[in-house]
Amino acid sequence: MVSRRAVVVGGVGAGIAATGGAAGYRVWRDREPASPPSQDDQGRLLWRNWSGIQNAYPKERAAPDGEEALAGILKSSPGPIRPVGAGHSFTALVPTGGTLLTLDRMSGLVSHDAATQQATVRAGTRLGDLGPALAAIGQEMPNLPDINKQSLGGALGTGTHGTGRAFKAIHGDVTAFRIATPRGDVLACDRTTNADVFHAARVNLGAFGVISEITLQNRPLKRVLKRTVGRQLDEVIEEWPSLIAQHRNVEFYAIPFTGLAALITVDETDKPVSPRGPDTDVDAVMELKKLRDVAGFLPGVRRSLAQAAFKDAPPDEAVDEGWKLLSNERPVRFNEMEYHLPLETQMAALRDVIAAIEKHRSDVFFPIEARVIDADDAWLSPFHERVSGSIAVHAYYKDDYRFFFDLVEPILRKHGGRPHWGKLHSLKHADFVSLYPRFKDAVAVRDMLDPDGRMLNDHLRAVFQDG
Ligand SMILES: Cc1cc2nc3c(=O)[nH]c(=O)nc-3n(C[C@H](O)[C@H](O)[C@H](O)COP(=O)(O)OP(=O)(O)OC[C@H]3O[C@@H](n4cnc5c(N)ncnc54)[C@H](O)[C@@H]3O)c2cc1C
């Protein structure tokens, strides 16, 4: 079995070995980034995000075991307070020197309704735990992101999404939630009760309060066929509109400097279960890195080695319930920028991004991901009132990611993109006012719930406050 990345790079190692000390060989710097101290000079312990670029030394840590305790902490804790999920955001949403609050003790199913296929879930539940819990009651979330390590509350916080023309991001299937405000009130919100809060805080950056429970519109469990195949990148870009129409879920990874793409499709099936094999993500990513290390300065060699390796790579197929196949393991750490663009401009933007990277950044080796997401009406949703095509650029955690900002972001902005809230971007308040028609309305609701700004840190002040 091979992973979606291995499918296009399997055998590259052999090809590289054959080139031995080919001209242009260069050993790239491969050092661990400096680690911050595990505690500060006052003995406060370090908090770090998944990729390692965000950190903080919170003064207090809180882990309430229920809504009442949560509301009490919000009301009584002095100073700033920031909720944290699984710490998988790349942006500085979480860091605080005040109180860091986790809902790890508030997880699991609260109730469900077989007739409506809805389930109410505590916000601290990790997506990876939710899959089997919902399967046990015959339900599944309609779609899932690339990994399932996130908490449900954290996923809503940033507009976390998967791919598929008919599928909204996770918050698009939320029918109700309960939120504890910085004053210690608990509000039940849906389209008719506290409707403004419902619209403003379904995607909330953890800046409106702390969501305690979420009601999801699920659907009956389905068996799906997941297929990963290596293709020529130009063909996939040409076929993207028809691929979107044809498949339930579809995405591809464009592999820079190779002319190749890994195309992943997921469709419902009644074929017998054929479980996915062991994860090979580490091997695949490291093969791409090796190709970069050895042939980074020889683009022609880099491309022909990859093309030769791809020639004989077999497609990878697995059949199982969706929650077992849609998300993946990503053990190799990276940093990421992702923008959501009007679907019409997505492929032009992708071509521009690849051309810019291939012209200026021979050190880049991580694949670039393209997905499609349906529109929704949450005020801070990057998919607000528009079907979107996303483009995500990654950099190995040891590598310089500043090219995201000076090379990639201007292209994605020029093509009308809105950034993923949890992934790196350089935008500020005025940018969001112009990108989001209901941004000022959302800010008014936020200010009403948190008049003293206790749920803000520096990053969030730059988002929600002018100047
Ligand atoms: C390897 C990897 C793969 C990824 N794949 C995808 C993908 O496929 N699609 C995608 O869209 N994103 C993806 N992401 C980004 C990720 O889904 C988001 O950043 C998500 O928000 C992380 O969830 P978390 O539980 O780690 O939340 P955190 O990063 O800890 O927090 C995110 C935000 O939610 C807030 N928050 C957390 N809990 C609550 C709560 N109960 N109430 C209110 N606010 C809360 C926090 O304050 C913060 O503002 C990926 C990230 C990584 C590292």
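Residues numbered from 1 in each chain as written. Predicted model: local features only at pLDDT ≥ 70, side-chain atom pairs only at ≥ 80, totals over all residues.

Trainee: Lay out the sheet that holds strand S14 (residues 249-255) with the relevant residues and their values.
Mentor: In spatial order, the strands read S16-S13-S15-S14-S18-S19-S17-S20; together these eight strands make up an open sheet with antiparallel pairing. Of all the strands in the sheet, the pair left with one neighbour each is strand S16 (316-321) and strand S20 (418-419). Of the pairings in the sheet, the one linking strand S13 (residues 223-232) to S16 comprises six bridges and is antiparallel in character. For Lys 226, the partnering residue across the bridge sits in S16 and is Ala 318. On top of the sheet, helix H7 (residues 233-246) reaches S13, S14, strand S15 (260-268) and strand S18 (368-373); it is set at about 150° to S13, its chief contact. (Pairing = 2+ DSSP bridges. Helix = DSSP H or I, 4+ residues; strand = E, 2+ residues; numbered from the N terminus. Contact = placed C-beta atoms within 7 Å. Axes fitted to C-alpha atoms, helices over the stretch in contact; angles between N-to-C directions.)

Trainee: Please give an account of the nonpolar core that cites residues and values.
Mentor: Judged by nonpolar contacts, the single largest core of 116 residues is most densely connected at Ile 179, Ile 214, Phe 252, Ala 254, Ala 261, Val 353 and Ile 391. Apart from residues lying up to four places away in sequence, Ile 179 is in contact with Leu 187, Cys 189, Val 197, Ala 201, Phe 208, Gly 209, Val 210, Ile 211 and Ser 212. (Core = buried A, V, L, I, M, F, W, Y, C linked by C-beta atoms within 7 Å. Buried ≥ 20, exposed ≤ 12 C-beta atoms within 10 Å, placed from the backbone.)

Trainee: Could you give an account of the site of the ligand, naming the residues involved and the relevant values?
Mentor: Neighbouring the ligand are 33 residues; Gly 85, Gly 153, Gly 154, Gly 157 and Gly 206 lie closest to it. Residue assignment for the shell around the ligand shows that the elements contributing at least two residues are strand S4 (81-84), helix H5 (152-158) and strand S11 (210-217). Sort the elements by how many residues they give to the shell around the ligand and H5 lands first, with five residues. Counted by class, the shell around the ligand contains 14 nonpolar, 16 polar and three charged residues. Here the shell around the ligand spans two domains, and each of domain 2 (47-102) and domain 3 (109-220) adds at least three residues to it. (Near = placed C-beta within 6 Å. Nonpolar A, V, L, I, M, F, W, Y, C, P; charged D, E, K, R; others polar. Domains from an automatic or database assignment.)

Trainee: An account of the pairing of S4 is needed here, citing residue identities and associated values.
Mentor: Here S4 shows two buried faces, one formed by Ile 81 and Pro 83 and the other by Arg 82 and Val 84. Alignment of S4 against strand S5 (residues 99-102), held across four bridges, turns out to be parallel. Counted as the bridge partner of Ile 81 is Thr 99 from S5.

Trainee: So what about the environment of Phe 297? Which residues, and what values?
Mentor: Relative to the elements of secondary structure, Phe 297 occurs in the loop between helix H8 (281-295) and helix H9 (299-311). Phe 297 sits in the partly exposed class, given 14 other C-beta atoms within 10 Å.

Trainee: Report on the domain arrangement of the protein chain, specifying residues and quantitative values.
Mentor: Assigned domains of the protein chain: these are domain 1 (6-28 + 221-419), domain 2 (47-102) and domain 3 (109-220). Inter-centroid distance (C-alpha atoms) of domain 1 to domain 3 is 28 Å. On the side of domain 3, 29 residues touch domain 1, which itself brings 27 residues to the contact. In terms of residue class, the side of domain 1 that touches domain 3 is built from 13 nonpolar, five polar and nine charged.

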